[in-house]
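Residues per chain are reported as follows:
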Amino acid sequence: MGAYDLIMSWLKIIVALPIVLILAYMSLKLSRSYMNNMKKSTNIKVIETVPIYHKVAISIVKVGQKYYVLGVSDQKVETISELSAEEIEDIQEVQEPKWKTDQLPKWIEKIKAYKGR
């Protein structure tokens, strides 16, 4: 009877393993298509992300019709400032190079002022 139980256990494994693998594959495909649809948001868009340090970056994000400068790290996301209308126009005018080189000192001063609070 021991040999019969062993053979039945192996048959169950041989039948169950492909079913589990097929279900895992199908769930991955479904979740991938769901995540791809989530990325197509029209209300929130990351315009640009610039890494500052390891795991720290500054991002410009468009939420609705407003633009924000965000400080992003692995612990948190903070709003540094909301961009003014003229800054938004500058960003929209310069799409190829997304940043004008003369804007960097302004942003560094804003970050220093924010840290000084």
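Notes on the structure follow. (Residues numbered from 1 in each chain as written. Predicted model: local features only at pLDDT ≥ 70, side-chain atom pairs only at ≥ 80, totals over all residues. Heavy atoms only, no water.)

What about the overall build of the protein chain?
- If you tally the helices and strands in the protein chain, you get three helices and four strands.
- Ordering the α and β elements of the protein chain from the N terminus gives α-β-β-β-β-α-α.
- Going through the 117 residues of the protein chain one by one, you find that 17% of them count as buried. (Helix = DSSP H or I, 4+ residues; strand = E, 2+ residues; numbered from the N terminus. Buried < 20%, exposed > 50% of the residue type's maximum accessible area, 1.4 Å probe, protein only.)

Topic: the nonpolar core
- In terms of nonpolar packing, the biggest core is built from 10 residues, these being Ile-47, Ile-58, Ile-60, Tyr-67, Val-69, Ile-80, Leu-83, Ile-88, Ile-91 and Trp-107.
- Residue assignment for this core shows that the elements contributing at least two residues are strand 2 (56–63), strand 3 (66–73) and helix 2 (85–93).
- When neighbours within four sequence positions are excluded, Tyr-67 is seen to be in contact with Ile-47, Ile-60, Val-61, Lys-62, Glu-82, Leu-83, Ile-88 and Gln-92. (Core = buried A, V, L, I, M, F, W, Y, C linked by side-chain atoms within 4.5 Å. Contact = heavy atoms within 4.5 Å.)

What about a nonpolar patch on the surface?
- On the surface, Leu-6, Trp-10, Ile-13, Ile-14, Leu-17 and Leu-21 cluster together to form a nonpolar patch covering roughly 650 Å² of accessible area.
- Using a relative accessible area of 47% as the deciding quantity, one classes Ile-13 as partly exposed. (Patch = residues over 30% accessible without salt bridge, like charges linked within 9 Å, V, L, I, M, F, W, Y side chains within 5 Å. Areas by Shrake-Rupley, 256 points an atom, 1.4 Å probe, with all protein chains shown as cover. Salt bridge = Lys/Arg side-chain N within 4 Å of Asp/Glu carboxyl O.)

Some details on the sheet that holds strand 4 (residues 77–82)
- Ordered by their spatial adjacency, four strands build an open sheet running 1-2-3-4, and the pairing between neighbours is antiparallel. Edge positions in the sheet fall to strand 1 (44–53) and strand 4, since each has one partner strand and no second. Across this sheet, the average inter-strand angle for adjacent strands is 25°, counted without regard to direction.
- In the sheet, strand 2 pairs with strand 3 via eight bridges, with the strands oriented antiparallel. The residue bridging Ala-57 from the neighbouring strand is Val-72, located in strand 3. (Pairing = 2+ DSSP bridges. Axes fitted to C-alpha atoms, helices over the stretch in contact; angles between N-to-C directions.)

Regarding the pairing of strand 1
- Pairing between strand 1 and strand 2: eight bridges, direction antiparallel. The partner of Val-50 across the bridge, within strand 2, is Ile-58.
- Counting the residues between successive antiparallel strands, the hairpin from strand 1 to strand 2 contains two residues, one of them, Lys-55, with a positive phi of roughly 65°.

Considering the side chain of Ser-59
- Looking at the secondary structure, you find Ser-59 in strand 2.
- When its relative accessible area of 6% is taken as the criterion, Ser-59 is described as buried.
- Within the structure, the side chain of Ser-59 is placed 2.9 Å from the side chain of Thr-49, a separation counted as a polar contact.
- Setting aside residues up to four positions removed in sequence, Ser-59 forms contacts with Glu-48, Thr-49, Tyr-68, Val-69, Leu-70 and Val-72. (Polar contact = N/O pair within 3.5 Å; in protein donor to acceptor, adjacent residues only side chain to side chain.)

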